[in-house]
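Spelled out from the first residue to the last, the chains are:
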Amino acid sequence: MADNYDCCSGEHKKEIEDVKYTMPSEEELYDLAELFKVFGDTTRIRILYVLFKSEMCVCEIAEALGMNQSAISHQLRVLKQARLVKNRREGKSIIYSLADGHVRTIIAQGQEHIEE
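This is a predicted model, so every value here is computed, not measured. (Residues numbered from 1 in each chain as written. Predicted model: local features only at pLDDT ≥ 70, side-chain atom pairs only at ≥ 80, totals over all residues. Heavy atoms only, no water.)

**Student:** Please give an account of the nonpolar core that cites residues and values.
**Tutor:** Within the largest apolar cluster, 22 residues are counted, with the highest numbers of intra-cluster contacts made by Ile47, Leu48, Ile61, Ile72 and Leu76. Broken down by secondary-structure element, the contributors of at least two residues to this core are α3 (42-53), α4 (58-65), α5 (69-81), β3 (93-98) and α6 (101-115). The element best represented in this core is α3, accounting for five residues. Setting aside anything within four residues of it in sequence, one finds isoleucine 61 in contact with Ile47, Val50, Leu51, Met56, Ile72, Leu76 and Tyr96. (Core = buried A, V, L, I, M, F, W, Y, C linked by side-chain atoms within 4.5 Å. Buried < 20%, exposed > 50% of the residue type's maximum accessible area, 1.4 Å probe, protein only. Helix = DSSP H or I, 4+ residues; strand = E, 2+ residues; numbered from the N terminus. Contact = heavy atoms within 4.5 Å.)

**Student:** Which residues make up the packing of aromatic side chains, and what are the values?
**Tutor:** In this structure the tally under the stated criterion is two aromatic pairs. Note on phenylalanine 36 and phenylalanine 39: the rings are 6.4 Å apart at their centroids and 50° apart in plane angle, and the pair reads as tilted. By relative accessible area, phenylalanine 39 is classed as buried at 15%. One residue, arginine 104, lies across the ring of phenylalanine 52, its end atom 4.6 Å from the ring centre. (Phe/Tyr/Trp six-rings, centres within 6.5 Å; stacked < 30°, edge-to-face > 60°. Lys NZ or Arg CZ within 6 Å of the ring centre and 35° of its normal.)

**Student:** Could you give an account of the pairing of β3, naming the residues involved and the relevant values?
**Tutor:** Note that strand β1 (residues 56-57) and β3 share two bridges and pair antiparallel. Residue pairing in the sheet places cysteine 57 in a bridge with isoleucine 95 of β3. Here strand β2 (residues 85-90) hands over to β3 after two residues, with glycine 91 in that stretch at a positive phi of 65°. (Pairing = 2+ DSSP bridges.)

This is the structure:
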């Protein structure tokens, strides 16, 4: 791509070059966009809020949200694929929890942003 700064004074040439150099790869940008799509569903956000309080099984999450277990299971599968939740077996139950502290941080940052 040619350096074509005819549209403006060219005073930001260094910044433009820095952006080109530091821009993540297309694959990384795609993965980031896919991650943010996961946050685009209120049921999934509600599930994450439940898991902020405690790890729980599907039936407990369903009860807390007043929803059926199949709907919760479907959304948990999406959250697990996005590596936002993890699970472990405890007897016959599968117990879900937040994958790591980043999940809480992402939600907190988003909430802070909308409250400004």
